[in-house]
Amino acid sequence: MTPQTRKRIGLVLIVLLFAAPIVTAYVLNAVGWRPSGMRNYGTLIEPPEDLTAARFTLDDGKPLAWKDEDWSWTLIALPGPDCAAKCLARIDELRRARLTLNQNAYRVRVVVLDANGPASAIEAMKPLERARDADEKLAKYRPATRDDVAAVLVDPHGFLILSYPAGYDGNLLKKDLARLIKG
């Protein structure tokens, strides 16, 4: 083997050394593999649904603004029919999940959508906001069971990215929120 051939083989090995991780990542992505530490617990909405054109109206009559200086993410509670004690407890759990973010809590707002339960109970859970979905864009995510709540997470640009069906684990929702807000 000549010195020139050895240099060429060395160059090819160096190129393969740097190309191997890129090729491996591409192949793993193509087969759908994801590392377990990076999984979200909510159901990922693919492709994300654009909610910017939908009409969501707050109780004070103003439209729900996705882009404003106070909030980044919107966690929407979707109560099922006949929202009673269990439903209100789940909505309060969402409010508390926001509070667990400590100094980052201001980056999430919790909105209760079309709650048919007692307005005074929801009013007592400040800083929750109540809104109406005029276009019924989120009706398919609403639970059909009585006295239950589902939730969806909307990004700062108005795209629905995660859904949590009725019976979701509140602790796993907190983990998703913490990853999104701190990440």
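For the structure itself, look to the data block above.
So, here is what we can say about the structure in this document. (Residues numbered from 1 in each chain as written. Predicted model: local features only at pLDDT ≥ 70, side-chain atom pairs only at ≥ 80, totals over all residues. Heavy atoms only, no water.)

## Overview of the pattern of salt bridges
Right, on to step 1. A complete count under the given rule lists 7 salt bridges for this structure.
Right, on to step 2. A salt bridge links Arg-90 to Glu-93; the shortest N-O distance between them is 3.5 Å. Taken together, the residues span about one helical turn, with Arg-90 and Glu-93 both in helix α2 (residues 85-99) at a distance of 3 residues.
Right, on to step 3. By relative accessible area, Glu-93 is classed as partly exposed at 24%.
Right, on to step 4. A salt bridge links Arg-95 to Asp-92, with the shortest nitrogen-to-oxygen separation between them at 2.8 Å. Separated by 3 residues within a single helix, Arg-95 and Asp-92 lie in helix α2, roughly one turn from each other.
Right, on to step 5. Judged by relative accessible area, which is 16%, Asp-92 ranks as buried.
Right, on to step 6. Beyond isolated ion pairs, a larger network of salt bridges with shared partners links Asp-92, Arg-95 and Arg-96. (Salt bridge = Lys/Arg side-chain N within 4 Å of Asp/Glu carboxyl O. Helix = DSSP H or I, 4+ residues; strand = E, 2+ residues; numbered from the N terminus. Buried < 20%, exposed > 50% of the residue type's maximum accessible area, 1.4 Å probe, protein only.)

## Topic: the pairing of strand β5 (residues 129-133)
Right, on to step 1. Two elements, strand β2 (residues 56-58) and β5, share 3 bridges in a ladder whose sense is antiparallel. Its bridge partner lying in β5, Thr-57 is registered against Arg-132.
Right, on to step 2. Bridge count between strand β4 (residues 108-113) and β5: 3 bridges; the pairing is parallel. Looking at β5, one finds that Leu-113 is bridged to Ala-131. (Pairing = 2+ DSSP bridges.)

## Concerning helix α1 (residues 3-30)
Right, on to step 1. With 28 residues, α1 should cover 40 Å at 1.5 Å per step; its first-to-last C-alpha distance of 40 Å lies within 8% of that length.
Right, on to step 2. Of all the bends in α1, the largest measures some 35 degrees and sits at Ala-19, one to four residues before the proline Pro-21.
Right, on to step 3. For α1, the buried fraction is low: 0 of the 28 residues fall into the buried class.
Right, on to step 4. Gly-32 occupies a position one or two residues after α1 and carries a positive phi of about 90 degrees. (Expected span 1.5 Å × (residues − 1). Bend = angle between axes of the 7 residues up to and from the residue.)

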